[in-house]
Amino acid sequence: MDKAATFAIHTLGCKLNYSESSAITKKLAEEGFEKIDFKEQADIYIINTCSVTNEADKECRLIVRNVLSRSPGAFIAVIGCYAQLKPEEISKIEGVDIVLGASEKFNIANYLKDLDKKAQTEIHSCEIEQPLAFHSAYSSGDRTRSFLKVQDGCDYSCTYCTIPLARGKSRSDTIENVLRNVEQIAAKGIKEIVLTGVNLGDFGISKPGSQDHSESFHELVLALEKSDSDVRFRISSIEPNLLKNETIEFISSSEKFVPHFHIPLQSGSDDILKKMRRRYLSDLYSDRVAHIKSLMPHCCIGVDVIVGFPGETDEHFNETYNFLNELDISYLHVFTYSERANTMAAENKQVIPKEIRRKRNRMLQILSEKKFRHFYEQNIGTERTALFETEEKDGFLHGFTDNYLRVRTPFTPALVRTTAKVFLKAINVDGTVEVDIINIPEPKEQRELSAIS
């Protein structure tokens, strides 16, 4: 019998990419390919790329160079957002055999029949304006949590963003299939599922190319709350205009959804928000945060913000800084604006010098550190539920509370991959929170047996 061809996959970028890499890995395994670690010598190397920053080209070239240094004859495939956006650019990277766009990456097995190195890179992609099918996916590499893709694509037209060009129009899974995936994930012993998508709050478009919603994100939340699976759910990122008050209010009393929201802002200046073509202004954003905190004072709120957008004056930046400083939020993800081809913002001649962009980024990074420290301090002396991970590190076991505090406790095998009620004692020098274990809840199945007996 012929030995199975080995493959290794390297994933860059967002949680969505990781869920899709897992789905591709599963399909290749079903086709008879054998997965090995990316650092080992494989017959096939797959690079799942990102396009959020302008470093995709350099990153991809470096990875290809490293692969060829240890496996000169290996077959190299590049997929993902960068592959859809700039396939010709990737084809010029020496050693790349095939580039697969958004419509073909899930059919990669069909392109791996002949693994001979190509004299000329093959490109297989589609026009992104064509309606693309939704491909269900979830990650399974982490035995504690899974990233579950429920939505893909985006119909928004933010002036700085290439994601709609890379992933196409908004489309979603069905609630029925999401529930089926949740059962499969829970059956693996995973205790937390993170809902992911490009524009998660736009969930419900089941017919590609249509803007009609047959279901809604709120209906998905209600259905997941009723599911029998013994898991907790976390929302990865949701636009403020799509995070409805009814969903906030429901999650505030939920038994399965954790008190943690990540809500992109991008700028605290209404002038800049309009130039970005965002679908809200700062008042709506502050209202959302205030409503969350009125119902869940302990809730963790993360914020995306971009600095150095074309035309962002010192006054605009100060508006953003002061707006964020006054908001009751927990941490920031700060992005330095980078020009992206085929976006409206890239045509704006009011370019901000890179030195000023870096300075503004650093100012918001410092503000984020202060916000996160304050949020941690607010929780000291309280009780939360923590999900512990699998690895022992220097005699400790780490985990995350429901409201996203990183905690640690002396390593105890019984705590591995379990949830436990914990008392938050003090902040350690490494930024984690020292906890006392109050009790370890019984698994759902055990509770049901106890109730019967």
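Scroll up a little and you will see the structure.
This report concerns the structure included in the present document. (Residues numbered from 1 in each chain as written. Predicted model: local features only at pLDDT ≥ 70, side-chain atom pairs only at ≥ 80, totals over all residues. Heavy atoms only, no water.)

## A short note on the overall build of the protein chain
Working step 1: When helices and strands are counted, the protein chain shows 13 helices and 20 strands.
Working step 2: Taken over the C-alpha trace, the protein chain has a radius of gyration of 23 Å; the compact-globule value for 453 residues is 22 Å, and the two agree within 12%.
Working step 3: Seen along its three principal axes, the alpha-carbon backbone of the protein chain occupies a region of about 65 × 60 × 45 Å.
Working step 4: A burial count over the protein chain gives 52% of its 453 residues as buried.
Working step 5: Roughly 21000 Å² of accessible area belongs to the protein chain as shown, and the carbon and sulfur atoms make up 49% of that amount.
Working step 6: Averaging the coordinates of the 58 positive side-chain charges in the protein chain and doing the same for the 67 negative ones gives two points 2 Å apart. (Helix = DSSP H or I, 4+ residues; strand = E, 2+ residues; numbered from the N terminus. Rg over C-alpha atoms; globule rule 2.2 N^0.38 Å. Buried < 20%, exposed > 50% of the residue type's maximum accessible area, 1.4 Å probe, protein only. Areas by Shrake-Rupley, 256 points an atom, 1.4 Å probe, with all protein chains shown as cover. Lys, Arg positive; Asp, Glu negative; His and termini not counted. Charge placed at Lys NZ, Arg CZ, Asp CG, Glu CD.)

## Focus on the sheet that holds strand 14 (residues 300-307)
Working step 1: Across the sheet, three strands lie side by side as 13-14-15; this open sheet has parallel pairing. The open sheet terminates on both sides in strands that have one partner only, identified here as strand 13 (260-266) and strand 15 (331-336). When the angles between neighbouring strand axes are averaged without regard to direction, this sheet yields 20°.
Working step 2: Where strand 14 meets strand 15, six bridges bridge the pair, whose relative direction is parallel. When the sheet's bridge partners are listed, I306 is paired in strand 15 with F335. (Pairing = 2+ DSSP bridges. Axes fitted to C-alpha atoms, helices over the stretch in contact; angles between N-to-C directions.)

## Notes on the sheet that holds strand 17 (residues 396-401)
Neighbouring strands of a sheet are bound in pairs by backbone hydrogen bonds; such pairs are parallel or else antiparallel.
Working step 1: In space, the five strands of this closed barrel follow the order 16-17-18-20-19, with mixed pairing throughout. Neighbour to neighbour, the strand axes of the sheet diverge by 55° on average, direction disregarded.
Working step 2: Helix-sheet contacts for helix 12 (residues 354-379) involve strand 16 (383-393), strand 18 (406-410), strand 19 (419-427) and strand 20 (433-439), and the interaxial angle to strand 19 is about 110°. (Contact = heavy atoms within 4.5 Å.)

## Describing helix 12
Working step 1: With 26 residues, helix 12 extends 38 Å from end C-alpha to end C-alpha; this agrees with the ideal 38 Å at 1.5 Å per step.
Working step 2: Taken together, the buried positions of helix 12 are occupied by R357, R360, N361, L364, L367, S368, K371, F375, Y376 and N379.
Working step 3: Looking one or two residues beyond helix 12, the residue adopting positive phi is G381, at roughly 90°. (Expected span 1.5 Å × (residues − 1).)

## Comments concerning the packing of helix 6 (residues 175-187) against helix 7 (residues 217-226)
How two helices sit against one another is set out by the angle between their axes and by the gap between those axes.
Working step 1: The N-to-C vectors of helix 6 and helix 7 enclose an angle of 35°; their axes lie 10 Å apart at closest approach. The two elements helix 6 and helix 7 cross, and the hand of that crossing is right-handed. In contact with I175, V178, L179 and V182 of helix 6, helix 7 contributes E219, L220, A223 and L224. (Left-handed = near helix turned anticlockwise from the far one by under 90°.)

## Quick look at unusual backbone geometry
Excluding glycine, residues mostly have negative phi values, and the peptide bonds linking residues are mostly trans.
Working step 1: The phi dihedral of D394 falls on the positive side, at around 55°, and the residue is not glycine.
Working step 2: Along the chain, D394 falls in the loop between strand 16 and strand 17.
Working step 3: Here Y404, not a glycine, exhibits a phi torsion of approximately 70°, which is positive.
Working step 4: If you trace the backbone, Y404 turns up in the loop between strand 17 and strand 18.
Working step 5: Look at Y404 and you get partly exposed, because its relative accessible area is 27%.

## Points about helix 10 (residues 282-295)
Working step 1: Between the first and last C-alpha of helix 10 there are 20 Å, a value that for 14 residues agrees with the 20 Å anticipated at 1.5 Å per step.
Working step 2: Considered for burial, the residues of helix 10 that qualify are S282, Y285, R288, V289, I292 and K293. An end-on view of helix 10 places all buried positions within 125° of arc, on one side of the element. Set apart from the buried face of helix 10 by more than 90 degrees, the exposed residues are D283 and S294.
Working step 3: Where helix 10 is buried, its residues contact helix 8 (245-252), strand 13, helix 9 (270-276), strand 14, helix 11 (314-326) and helix 12. (Arc of directions from axis to C-beta.)

## Concerning the pairing of strand 12 (residues 232-235)
The side chains of a regular strand alternate between both faces of the sheet.
Working step 1: Residues of strand 12 alternate between two faces, with R232 and R234 on one and F233 and I235 on the opposite face, all of them buried.
Working step 2: Bridging between strand 11 (residues 192-196) and strand 12 involves four bridges; their strand directions are parallel. Residue pairing across strands places E192 opposite R232, the latter belonging to strand 12.

Worth remembering: the numbers are spatial, not functional.
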